[in-house]
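The residues making up each chain are set out below.
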Amino acid sequence: MRCLKKKTLLFLLIFVSLNVHRTPSQEAHPARQRKPFFERLRRLEEQSLVEQSQAVALAMNQSQAAIQGDVAHLKTWYRKSQRRSQKVDARLQALDLSLSTKSRQWVEKEGEQKAQREAIASLALSVQALQDALASLTQQVHSQGARLAALEGQTQRASSGTVALGLTTAPNPTQLAQRGPGSLQLWRDRQVAKSSPQHRSSPHDVTVHVQEMQKFQTPSSHQAAPPRTYQGPGNICNTDPVLIFPNTSTENVIFLSPGFLMPLRALSFCSWVRMATSHLGTLLSYATKDNDNKLVLHGRNSLVPGSIHFVIGDPDFRELSLKPLLDGQWHHICIIWTSVEGKYWLHIDRRLVATGSRFREGYEIPPGGSLVLGQEQDTVGGEFDSSEAFVGSISGLAIWDRALLPREVANLASGKELPTGAILTLTNVTSVGGFVQRAKCTCLEQCPYATP
């Protein structure tokens, strides 16, 4: 394009110059001047064409060099692209293989999880069946325990009546074995004789039989002492220190530590209690940050005399009657609860006096709270109310994280051994506040009364 402009400009200059000098030149030398002009024009054209061809050749060479450079770059990029494509293909193949493996593993894992879910469901059904069977068995055991306690009471009354009449009951085989082999053999002979119709026993025969048993008894200094029997709360001894709450002061409180370290799905609370007022105050209070009435045994002036609220996870509670405790004498109480079907039992002096179900079924009493005796907590460890204070005496208190059996309750009420597994006793007392007194009494009947 630049060459074309240059050519055009040159042509115009030549044309103007010729026009300026055309007339004189044509007049002087008309034929001679025409020929050099065309030659000059032809040389200019040839020169211009040469320059143009050189410029075109130069441009073509430059374009060819640029194209060759671009081609080289394209070849390099193509080779790099091929290598990258191969790497991407390799990665895709690896990913595909990994996905296939993971998919297969996921399918296998899903199958295993399904089998585990089925096994867990089956196990849950089995556990539910076992829980139902255990609940039924526990109910039967408690029922049999209540019957046994009633029979023992009848036996004791019958024994006391027999002694009053001057009669003695026949010993059992265990006692006969302790007395000597002759006594046991004679007892067996008598049993065989009693089984035949012609050897029916008469009252006279019973007396003679007892006298013969006494003849075969061999005195021995190593003879085992008979177990202690229940003859009233006052004869129970060695039950631990007695804690006396003399009045309704809000400072009269006892703290136990540690509290519950694990969640409780069952609970047994047993203690000897002697009341000194006409209403039942708070025996136990367990509070946590989210609920100040997680576990409470309390009565107050507004309740029916002799009644107590058994609270688990406020606001749920059961009202229990403890009217026998209002006579001012020592009584043994056991309150038992299990989350299996929400069953609960109340024992007073070995007798089952109340039972129920559907009370906090499947519930757990959480750990980490504050546990006190004698006051009801409205906040963790504080805000006590004198109308809910306990006035009286407590001894032999213990808590288990399981439901005690009736025979264990009977042993406790008879002053026998403490059932195993107690999680809290009066040895866990860490703080005694206010006017609460500790008394060490050989037997409960010797302990002083609380005077409000």
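Residues numbered from 1 in each chain as written. Predicted model: local features only at pLDDT ≥ 70, side-chain atom pairs only at ≥ 80, totals over all residues. Heavy atoms only, no water.

Peer 1: What's the story with the overall build of the protein chain in this structure? I'm lost.
Peer 2: Summing up its helical and strand segments, the protein chain has 7 helices and 15 strands in all. Buried positions account for 33% of the 452 residues belonging to the protein chain. Counted over contacts in the protein chain with a minimum sequence separation of 6, partners at least 24 positions apart contribute 69%. About 27,600 Å² of surface is accessible on the protein chain, with carbon and sulfur atoms providing 57% of the total. (Helix = DSSP H or I, 4+ residues; strand = E, 2+ residues; numbered from the N terminus. Buried < 20%, exposed > 50% of the residue type's maximum accessible area, 1.4 Å probe, protein only. Contact = heavy atoms within 4.5 Å. Areas by Shrake-Rupley, 256 points an atom, 1.4 Å probe, with all protein chains shown as cover.)

Peer 1: Just checking my understanding: could you explain unusual backbone geometry for this structure?
Peer 2: Excluding glycine, most residues fall at negative phi; most peptide bonds, likewise, are trans. In this structure, Pro258 follows Ser257 across a cis peptide bond, with omega equal to -5°. Considering the arrangement of structural elements, one finds Pro258 in the loop between β2 (254-256) and β3 (266-275). Between Asp314 and Pro315 the backbone carries a cis peptide bond, its omega angle lying at 20°. Looking at the element boundaries, Pro315 is found in the loop between β6 (307-312) and β7 (317-321).

Peer 1: When you look at the pairing of strand β5 (residues 295-298) in this model, what are you seeing that I'm missing?
Peer 2: Remark: a regular strand shows side chains that alternate across the two faces of the sheet. Of the two faces of β5, the one lined by Leu295 and Leu297 and the one lined by Val296 and His298 are each fully buried. Here β5 pairs with β6 via 4 bridges, running antiparallel. Across the sheet, residue His298 finds its bridge partner in β6, namely His309. (Pairing = 2+ DSSP bridges.)

Peer 1: Would you mind showing me how to read the state of the cysteines here?
Peer 2: Disulfides are covalent bonds that connect the sulfur atoms of two cysteines. Using the criterion set out here, one finds 2 disulfides in the structure. Note that Cys441 is cross-linked by a disulfide to Cys447, the S-S spacing being 2.0 Å. One disulfide, between Cys441 and Cys447, carries an S-S torsion of 140° and so falls in the right-handed class. Accessibility classification places Cys441 together with Cys447 in one group, the buried group. (Disulfide = S-S within 2.5 Å.)

Peer 1: Got a minute to help me understand the environment of Phe359 in this structure?
Peer 2: As for its placement among the helices and strands, Phe359 is situated in the loop between β10 (351-356) and β11 (370-373). The exposure class assigned to Phe359 is buried, which follows from its relative accessible area of 1%. Ignoring sequence-local partners within four residues, the contact set of Phe359 consists of Phe310, Ile312, Asp316, Phe317, Arg318, Trp337, Glu341, Gly342 and Tyr344.

Peer 1: Would you take a moment to explain empty space enclosed by the protein for this structure?
Peer 2: To find leftover empty space, a probe the size of one water molecule is rolled over the atoms. The final tally for this structure, using the stated rule, is 2 cavities of 30 Å³ or more. The computed volume of the second largest cavity comes to approximately 40 Å³. Lining of the second largest cavity is provided by Leu267, Phe269, Leu284, Leu295, Leu297, Phe310, Ile335 and Ile399. Broken down by secondary-structure element, the contributors of at least two residues to the lining of the second largest cavity are β3 and β5. The residue inventory of the lining of the second largest cavity, partitioned by class, reads 8 nonpolar, no polar and no charged. (1 Å grid on protein atoms, 1.4 Å probe; cavity = no way out; pocket = protein on both sides within 12 Å on 5 of 7 lines; lining within 4 Å. Points joined across faces, edges and corners; volume = space filled by probe spheres on them. Nonpolar A, V, L, I, M, F, W, Y, C, P; charged D, E, K, R; others polar.)

Peer 1: Can you walk me through the sheet that holds β5 in this structure?
Peer 2: Each strand in a sheet pairs with its neighbour through backbone hydrogen bonds, running either in the same direction (parallel) or in the opposite one (antiparallel). Pairing is antiparallel across the open sheet formed by 7 strands, whose spatial order is β7-β6-β5-β4-β11-β2-β14. Only two strands of the sheet have a single neighbouring strand rather than two, namely β7 and β14 (429-432). This sheet shows a mean twist of 20° between the axes of neighbouring strands, independent of strand direction. Relative to β5, strand β4 (residues 284-287) runs antiparallel, the two sharing 3 bridges. Directly across from Tyr286, in β5, lies its bridge partner Leu295. (Axes fitted to C-alpha atoms, helices over the stretch in contact; angles between N-to-C directions.)

Peer 1: What should I look at first to understand the confidence of the model for the protein chain in this one?
Peer 2: As a general rule, the predicted coordinates of low-pLDDT regions are not to be interpreted in detail. Residues of the protein chain with pLDDT of at least 70 account for 73%, and the chain-wide mean is 78. Here helix α6 (residues 203-215) stands out as the least confident element of the protein chain, with mean pLDDT 37; strand β9 (residues 343-348) is the most confident, with 96. Throughout residues 173-187 the model reports pLDDT below 50, and contacts reaching past four residues in sequence, or to other chains, amount to 23 contacts. Across residues 192-234, confidence stays below pLDDT 50; counting only partners more than four residues off in sequence or on other chains, it has 42 contacts. (pLDDT = per-residue confidence, 0-100.)

Peer 1: How do you make sense of the packing of aromatic side chains when you look at a structure like this?
Peer 2: Between two aromatic rings, the relevant description is the distance of the centres plus the angle of the planes. Counted by the stated rule, this structure contains 4 aromatic pairs. When the centroid spacing of 4.5 Å and the interplanar angle of 45° are considered together, the rings of Phe260 and Tyr286 count as tilted. Within this pair, whereas Phe260 is found in the loop between β2 and β3, its partner Tyr286 is found in strand β4, the two being separated by 26 residues in sequence. Judged by relative accessible area, which is 0%, Tyr286 ranks as buried. Taking the centre distance of 5.5 Å and the plane angle of 70° together, the rings of Phe310 and Phe359 count as edge-to-face. Of the two residues, Phe310 is situated in strand β6 and Phe359 in the loop between β10 and β11; the sequence distance between them amounts to 49 residues. An identical accessibility class is assigned to Phe310 and Phe359; each is buried. In this arrangement the basic side chain of Arg360 is found over the ring face of Tyr363, its NZ or CZ atom lying 4.3 Å from the centre. (Phe/Tyr/Trp six-rings, centres within 6.5 Å; stacked < 30°, edge-to-face > 60°. Lys NZ or Arg CZ within 6 Å of the ring centre and 35° of its normal.)

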